Amino acid sequence: MQDIRYALRMMRRSPLFSAAVIVTIALAIAANTTIFSVVNAVLLRPLPFADADRLVQVAEKNDRLNLPTFSASVPNFVSWREQARSFEEFAAIGFNNYTLTGSGEPEQLSGNRISPAVMRVLGLAPVIGRAFADDEEKPAAAPVAMIGEGLWRRRFGADRAVVGQTIILNDVPATVVGVAPAALNLLSGGDVYTPLTINLANELRLNHLILVVGRVKRGVSLGQAQADMDGVARRVGAQFPEVRDWGIHLVSLFDTFVSAQLKTELLVLWFAVGLVLLIACANVANLLLARAVARSSEMAVRAAMGAQRTRLLRQLLVESVMLSAVGGTIGLMGAVAAVGILNHALPQNTLPVPTVPVDPTVLWFAAGLTIFTGLAFGLAPAWRVSRLDINDVLKQAGRGASAAAGGRLRKVLAAGELALATVLLIGAALLLQSVANLERVHLGFEPRGLLTFQLSPPTARYPLNGGASAMYRDLLDSLRSIPGVTGAAVSSGIPFGVGSYTTHPMLTTGQSVVPHDTLVPIDWRIVSPGYFGAMNIPLLSGRDFTDADNANALPVVVVSQATAKKFWGDLDPLGRTLTRSGDRRVAFTVVGVVGDVRSTALSQESPALYYPVGWRTWPLMDVIVKTSGAPQALLPAVRQKVRERDANFALANVRTLEQWVSASASQPRLSSALLGLFAFFALLTATLGIYGVLAYSVSQRVREIGLRMALGATPGTVIRLIAGEGMRVALTGVVAGIGGGLALGRWLSSLVYGVTIDDPSIFAGVSISLSLIAVVACVVPARRASRVDPMLALRTE
């Protein structure tokens, strides 16, 4: 307690020094705690399911089609649960959309068809009510539903009486049997759940539509379970030849949630803030070393009066930890505020968790980091002061040696700061250049002026194979009549949206560059006539779809330029035919070729194939409205036209296409911005460190500089001497940092686009910029040294 009281007095006695240390540490602790909160939420916290380490996604795979992980089909799911021996149970989740009517305004909701085993497999229990019974998987079962906890609280006011009530989903009355916990929404992303009814007579084994989750038996390793499922896949393939090329791939549920790219981005950011903390510690250690020399006499007097070296060491470490504790407390408050901003500002689905909490793990991390930081930056100065020679200090004869020894350490710390700052700047420059490249890519379409929203008409009134397409045709005609609307279209998935944009294997039936009977996975979507014009996707040859391209006409498709090249090379694709692997009886004739577009990632173009909406529609469709002015200004008129068509229609995911495109780059943009911010802080701290080293060196060498000038040294000579000393420190740090930057670049290789990890322009630019900044940091104290009055310096000494 005596040490703590003395440390507080020292902080009050040197307020500017204390403030500099506290602010530096607060910024470093805030940055580290904020990033750790995200890392903890995404990578470290266990999934909110019972024994989550035994949960796996049971995915299909096809090595011939280069599909390592693919969704499953209902018939295969049934075969798996009949034959597998390594699993306690399987559960399936199918994705669906529902329009909720009958209780307030119509609302379109995302939802899921789930097998009754889902709650058991995940180890979850309903908030209220019950889960689905096994019999409710049968097609003849009475319609029932579970609502998500979020919807229950938002729309039904958390009324427990909702259980037993009837709600209208897609025009079908369903009885609410329970409220599903929010944890289920984490896996499925739904607000409403209905039973996944299974009628094998209506299912195809190549219709991959569901996510399958399994719970491995206790004592069974993932490798043993994989071997078991490999045997199941071989038996199913032998029994059903159409799936003989399809295998099974077990993926831990954690890896299903968290992509390898997201892991890399988070670890890079965590590494970056760790470097920021090291730089902050080095800078504070430099400040403490400078103060330690000034306190040499004090410590010598204490030792002469009987204080042991361990007592002096403890006193100085307590002072360091106290400074760190104040900075850490302020930093933790800053981190809490930063996490709150992140939770509100991050676009939806940027992270695989709904929110980032500041939980006890984060608080313990902040506390431990604060103590570690105080010891880290305080140990070297405290140890050096505690080892002083008492007689030399009291006689003021050891001043030069002590200062020189401390000066060497301070130069090493300053060079280390600049090396770490160089590493961060190179990493930030690589990511920023990558984001700039992504922002400049040619999308293949024009997003400006496009308003988009989603509709999910009830299939009972609007059948997918006829009634829905007629409804969309009428709706589009109505939307085109709005003043300011220059075009309208529908698609089963807009680029970078959340609609249906998936892959299925295709093969050509005639002459092509692809070997005979070879399946080729192609991304596909369903679009209406006028879609390419509304999106400004160029029609390169052939024709667009027309209203005559319906289920009663010749089956036709439009392909992208990359698809045509993949199948037919330089041959003319018009008039050639393709079939789907799931139904080879129907041949689709190519009637048009359009330009390639980037649909799911800014970094790549995907071969695409388009079906006409008149052939069939999809349960959820995106509507695109092309406007001549601001799209949002026409939203009320658009809503009115939709309501006039059907009062029970509800618009969902209303955004401009520019917003969808911008959101697609939000994750790399955020990572690069954070890394750039950390790099700026590191550069500022390192620059101050070099300046501090030289300023302190000048203050300790006043007599030497005075002698030099008295003996004829010019101010220019003194500037070159002092600045040269600083530049040697700076260049040593920059050269070391370049080596670290090359290593970091290899780590970032999976995150960058359009830039090489050893881009000479980036490395040269960072090196030159840092050198120029170092020159400025060196010249200021050097100029001060050149203005030393020789007579005053010698008289003072």
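Residues numbered from 1 in each chain as written. Predicted model: local features only at pLDDT ≥ 70, side-chain atom pairs only at ≥ 80, totals over all residues. Heavy atoms only, no water.

### Digging into the overall build of the protein chain
- Each helix and strand counted, the protein chain has 24 helices and 22 strands in total.
- The principal-axis extents of the C-alpha atoms in the protein chain amount to approximately 105 × 55 × 55 Å.
- Of all 797 residues assigned to the protein chain, the portion counted as buried reaches 52%.
- Relative to all contacts within the protein chain whose residues are 6 or more apart in sequence, the contacts with residues 24 or more apart total 81%.
- Put simply, the protein chain shows about 34400 Å² of open surface, and 58% of that area lies on carbon and sulfur atoms.
- The protein chain carries 71 positive and 55 negative side-chain charges, and their two centres are separated by 12 Å. (Helix = DSSP H or I, 4+ residues; strand = E, 2+ residues; numbered from the N terminus. Buried < 20%, exposed > 50% of the residue type's maximum accessible area, 1.4 Å probe, protein only. Contact = heavy atoms within 4.5 Å. Areas by Shrake-Rupley, 256 points an atom, 1.4 Å probe, with all protein chains shown as cover. Lys, Arg positive; Asp, Glu negative; His and termini not counted. Charge placed at Lys NZ, Arg CZ, Asp CG, Glu CD.)

### Quick notes on unusual backbone geometry
- At Asp-51, a residue that is not glycine, the phi angle is positive and equals roughly 45°.
- With respect to the helices and strands, the residue Asp-51 is situated in the loop between helix H2 (15–44) and strand S1 (55–62).
- The phi torsion at Asn-536 lies on the positive side, around 60°, for a residue other than glycine.
- With respect to the secondary-structure elements, Asn-536 resides in the loop between helix H16 (531–535) and strand S16 (539–542).
- Taking relative accessible area as the criterion, Asn-536 reaches 48% and is therefore assigned partly exposed.

### Examining the nonpolar core
- Counting 118 residues, the largest nonpolar core has Phe-49, Leu-122, Leu-184, Leu-187, Leu-253, Phe-678 and Ile-690 as its most contacted members.
- For this core, the leading source of residues is helix H9 (residues 260–294), giving 17 residues.
- Phe-453, Ile-482, Trp-524 and Val-613 belong to the second largest nonpolar core, which has 42 residues in total. (Core = buried A, V, L, I, M, F, W, Y, C linked by side-chain atoms within 4.5 Å.)

### Here's the deal with the environment of Phe-257
- Within the secondary structure, Phe-257 sits in helix H8 (residues 253–257).
- Taking the relative accessible area as the measure of exposure, Phe-257 reaches 16% and is therefore buried.
- Along the chain, Phe-257 and Pro-352 lie 95 residues apart, while their C-alpha atoms are 6.1 Å from each other.
- Residues contacting Phe-257, with those up to four places away along its chain left out, are Leu-47, Phe-49, Leu-186, Leu-187 and Pro-352.

### Let's talk about a positive patch on the surface
- On the surface, a cluster of positive charge is made up of Arg-5, Arg-9, Arg-12 and Arg-13.
- If you trace the backbone, Arg-13 turns up in helix H1 (residues 2–13). (Patch = residues over 30% accessible without salt bridge, like charges linked within 9 Å, V, L, I, M, F, W, Y side chains within 5 Å. Salt bridge = Lys/Arg side-chain N within 4 Å of Asp/Glu carboxyl O.)

### Topic: the packing of aromatic side chains
- On inspection of all chains with the given rule, the structure shows 17 aromatic pairs.
- Centre to centre, the rings of Phe-588 and Trp-615 are 5.2 Å apart; their planes meet at 85°, and the pair counts as edge-to-face. Here the residue Phe-588 occupies a position in strand S19 (residues 583–594), and Trp-615 occupies one in the loop between strand S20 (608–612) and strand S21 (621–627), the gap between them amounting to 27 residues.
- A relative accessible area of 1% means that Phe-588 is categorised as buried. (Phe/Tyr/Trp six-rings, centres within 6.5 Å; stacked < 30°, edge-to-face > 60°.)

### Examining the confidence of the model for the protein chain
- Counting all residues, the mean pLDDT for the protein chain is 85, and 92% of those residues have values of 70 or more.
- Confidence drops under a pLDDT of 50 for residues 397–405, and excluding neighbours within four residues, the segment shows six contacts in the predicted structure. (pLDDT = per-residue confidence, 0-100.)

### Quick word on a nonpolar patch on the surface
- On the surface, Met-1, Ile-4 and Leu-8 cluster together to form a nonpolar patch covering roughly 280 Å² of accessible area.
- Mapping Leu-8 onto the fold places it in helix H1.

### Some remarks on helix H15 (residues 467–480)
- In this model H15 runs 20 Å from its N-terminal to its C-terminal C-alpha over 14 residues, within 8% of the 20 Å that 1.5 Å per residue would give.
- Looking at the buried residues of H15, the elements they touch are strand S12 (450–455), strand S13 (485–491), S21 and helix H18 (635–645). (Expected span 1.5 Å × (residues − 1).)

### Points about the pattern of salt bridges
- As enumerated under the stated definition, the model contains 24 salt bridges in all.
- Between Asp-51 and Arg-218 there is a salt bridge; the shortest N-O distance is 2.9 Å. With Asp-51 in the loop between H2 and S1 and Arg-218 in the loop between strand S10 (210–216) and helix H7 (222–239), this residue pair connects regions lying 167 residues apart in the sequence.
- What makes Arg-218 exposed here is its relative accessible area of 60%.
- Here Glu-107 and Arg-155 are joined by a salt bridge, their closest N and O atoms 2.8 Å apart. Of this pair, Glu-107 sits in strand S4 (residues 107–114) while Arg-155 sits in helix H5 (residues 149–155), and the two are 48 residues apart along the sequence.
- Judged by relative accessible area, which is 21%, Arg-155 ranks as partly exposed.
- Among the charged side chains, a network of salt bridges with common partners joins Asp-51, Arg-54, Glu-88 and Arg-218.

### Concerning the pairing of S20
- Here S20 lies mainly inside the structure; five of its five residues are buried.
- Of the two faces of S20, the one carrying Ala-608, Tyr-610 and Pro-612 and the one carrying Leu-609 and Tyr-611 are both buried.
- Where strand S17 (residues 556–560) meets S20, two bridges bridge the pair, whose relative direction is antiparallel. Within the sheet, the bridge partner assigned to Val-559 lies in S20 and is Leu-609. (Pairing = 2+ DSSP bridges.)

### Structural notes on empty space enclosed by the protein
- Tallied over the full model, the rule gives eight cavities of 30 Å³ or more.
- For the largest cavity, the calculated volume is near 160 Å³.
- Of all elements in the fold, only H2, H9 and helix H20 (666–700) reach the threshold of two or more residues within the lining of the largest cavity.
- Among the residues forming the lining of the largest cavity, the class breakdown is ten nonpolar, three polar and one charged. (1 Å grid on protein atoms, 1.4 Å probe; cavity = no way out; pocket = protein on both sides within 12 Å on 5 of 7 lines; lining within 4 Å. Points joined across faces, edges and corners; volume = space filled by probe spheres on them. Nonpolar A, V, L, I, M, F, W, Y, C, P; charged D, E, K, R; others polar.)

### Some remarks on the packing of H1 against H2
- In contact at an axis separation of 5 Å, H1 and H2 are set at 105° when each is read in the N-to-C sense. Between H1 and H2, the interaxial angle falls into the category roughly perpendicular. In this structure, H1 uses Met-10, Met-11, Arg-12 and Arg-13 to contact H2, whose residues at the interface are Pro-15, Ser-18 and Ile-22.
- Split by residue class, the contact of H1 with H2 holds four nonpolar, one polar and two charged. (Axes fitted to C-alpha atoms, helices over the stretch in contact; angles between N-to-C directions. Parallel < 35°, antiparallel > 145°, perpendicular 65-115°, else oblique.)

### Remarks on H1
- A rise of 1.5 Å per residue sets the reference length of H1, with its twelve residues, at 16 Å; its end C-alpha atoms lie 16 Å apart and thus fit the reference within 8%.
- Listed in full, the buried residues belonging to H1 are Asp-3, Tyr-6, Ala-7, Met-10 and Met-11. Taken down its axis, H1 places every buried residue within 145° of arc, on the same side. Facing away from the buried side of H1 by over 90 degrees, the exposed positions are Gln-2 and Arg-12. (Arc of directions from axis to C-beta.)

### A look at the pairing of strand S7 (residues 166–169)
- Residues of S7 alternate between two faces, with Ile-167 and Leu-169 buried on one and Thr-166 and Ile-168 left unburied on the opposite face.
- Two elements, strand S3 (residues 87–101) and S7, share two bridges in a ladder whose sense is antiparallel. Each bridged residue has a counterpart across the sheet, and for Thr-101 the counterpart in S7 is Ile-168.
- Sheet analysis places S7 next to strand S8 (residues 172–180), joined by four bridges and oriented antiparallel. Looking at the pairing, Thr-166 lines up with Thr-175 of S8.
- Counted between consecutive antiparallel strands, the loop separating S7 from S8 contains two residues, among which Asn-170 sits at a positive phi close to 55°.

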